[in-house]
Amino acid sequence: MQVASRPVLTRAAIVAAALTALLCLQPEPAQPVEPAAPGAGSTPRALVLSDQARRYLALQYRADPTEFLGCMIGELRGRSVVVWRIAPADVDPAHSTPTHVVAEQACEAAGWSPTIGMIHSHPDGERCWYYFPGTEVASSDGQAFARQPYAVDAIMCGEHIVWIGRDKAERQLSLVAAGQRAASAISNR
Ligand SMILES: [Zn+2]
């Protein structure tokens, strides 16, 4: 499936530059970010979440038995997607179920700029994929991403996030700190 490339990143970058007030609110990235290399291309290889974004996800996941939908506000830095914060998408509760969620309007229309992608949860932690495993058949989430203008999309899946860029490569990001992971590995023995 061919996805038309759209000038979203450029627009997002311009908006980012214009919104100096928002930049002042930008929290420190949770992890070091690679500096933007000239000509590094626009295919992100890493997703970096601020502390606010991690807290928001943990809270939403714990609190919400239905899918939540968030707007990832941030920017592309080199090959990293840096998420400053996650804002709630405009969702009618009637359109949020354990397996489905629909936004009433685009993130930008809801006041969240620059949005670099959307994130939703799978409360049961299952089927966190954009392509059915071992195939090139897009899942409903893969099809939804193809219709979106954003550079990336993400699924919150318990203790990790599955995310995808326009290169169609699925990547994972753990939400558990390395120390906690080691502790739980020990306790699981
Ligand atoms: Zn989904």
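**Description of the overall build of the protein chain**
Helix and strand counts for the protein chain come out as five helices and nine strands. For the protein chain, with 189 residues in total, the buried portion stands at 31%. Residue pairs at least 24 apart in sequence account for 64% of intrachain contacts in the protein chain once pairs closer than 6 positions are excluded.

**Let's talk about the pairing of strand β2 (residues 69-77)**
Burial analysis of β2 places eight of its nine residues in the buried class, which makes it a mostly covered element. Where β2 meets strand β6 (residues 115-121), five bridges bridge the pair, whose relative direction is antiparallel. When the bridges of β6 are listed, cysteine 71 appears paired with methionine 118. Relative to strand β3 (residues 80-88), β2 is paired through eight bridges, and the arrangement is antiparallel.

**Focus: the sheet that holds strand β1 (residues 46-49)**
What the seven strands build is an open sheet, ordered β1-β3-β2-β6-β7-β8-β9; its pairing is mixed. Since the sheet does not close on itself, it has two edges, and those belong to β1 and β9 (170-174), each with one partner. Neighbouring strand axes in the sheet, compared pairwise and without regard to direction, differ in orientation by 30 degrees on average. Set on the sheet, helix α3 (residues 51-63) makes contact with β1, β3, β6 and β7 (152-157); between it and β3 the angle comes to about 50 degrees.

**As for α3**
One full turn of an α-helix is made of 3.6 residues, so residues set three or four places apart face in the same direction. The terminal C-alpha atoms of α3, which comprises 13 residues, lie 18 Å apart, in line with the 18 Å expected from a rise of 1.5 Å per residue. For α3, the complete set of buried residues consists of Ala53, Tyr56, Leu57 and Gln60. All buried residues of α3 fall inside an arc of 100 degrees around its axis, so they share one side. Of the exposed residues in α3, those oriented more than 90 degrees away from the buried face are Asp51, Leu59, Arg62 and Ala63. Lining the buried residues of α3 we find β1, β3, β6 and β7.

**Points about the pairing of β7**
Of all six residues that make up β7, six are buried, and the element is covered over most of its length. Here β7 shows a buried face lined by Val152, Ala154 and Met156 and a second buried face lined by Asp153, Ile155 and Cys157. Where β6 and β7 come together, five bridges link them in parallel fashion. Opposite isoleucine 119, over in β7, you have alanine 154 as the bridge partner. In the classification by handedness, the crossover that spans β6, the intervening helix α4 (residues 140-147) and the parallel β7 is right-handed. Across six bridges, β7 lies against strand β8 (residues 160-165) in antiparallel orientation. Residue pairing for β8: isoleucine 155 is matched across the bridge by valine 162. What sits between the antiparallel neighbours β7 and β8 is a turn of two residues, in which glycine 158 has the positive phi angle 75 degrees.

**Considering the confidence of the model for the protein chain**
In low-pLDDT regions, the fine details of the predicted coordinates are not to be read closely. Taken residue by residue, the protein chain gives an average pLDDT of 79. The fraction at 70 or more is 71%. This model gives residues 1-10 a pLDDT under 50, and the stretch forms eleven contacts once residues within four places in sequence are excluded. Every residue in residues 12-40 is under pLDDT 50, and counting partners more than four places away or in other chains gives 36 contacts.

**Considerations on the environment of lysine 168**
Among the secondary structure elements, lysine 168 is positioned in the loop between β8 and β9. Taking the number of C-beta atoms within 10 Å as the measure of exposure, lysine 168 has 15 and is therefore partly exposed.

**Details of the nonpolar core**
Most often, soluble globular proteins have nonpolar side chains that are buried together. Membership of the largest hydrophobic core comes to 39 residues, with the highest contact counts inside it found for Met72, Val81, Val83 and Ala154. Of all the secondary-structure elements, those providing two or more residues to this core are β1, α3, β2, β3, β5 (100-103), β6, β7 and β8. Every residue in contact with methionine 72, bar those within four places of it in the chain, is listed here: Val83, Ile86, Thr115, Ile116, Gly117, Met118, Ile119 and Ala154.

**So, the environment of glycine 70**
With respect to the helices and strands, glycine 70 occurs in strand β2. The exposure class assigned to glycine 70 is buried, which follows from the 27 C-beta atoms found within 10 Å. Between the alpha carbons of glycine 70 and arginine 85 there is a distance of 9.7 Å; along the sequence they are 15 residues apart. Residues within four places of glycine 70 in sequence aside, it is in contact with Ile86, Ala87, Pro88, Ala89, Met118 and Ile119.

Parameters at a glance
Residues numbered from 1 in each chain as written. Predicted model: local features only at pLDDT ≥ 70, side-chain atom pairs only at ≥ 80, totals over all residues. Helix = DSSP H or I, 4+ residues; strand = E, 2+ residues; numbered from the N terminus. Buried ≥ 20, exposed ≤ 12 C-beta atoms within 10 Å, placed from the backbone. Contact = placed C-beta atoms within 7 Å. Pairing = 2+ DSSP bridges. Axes fitted to C-alpha atoms, helices over the stretch in contact; angles between N-to-C directions. Expected span 1.5 Å × (residues − 1). Arc of directions from axis to C-beta. Right-handed = clockwise from strand over helix to strand, strands pointing away. pLDDT = per-residue confidence, 0-100. Core = buried A, V, L, I, M, F, W, Y, C linked by C-beta atoms within 7 Å.

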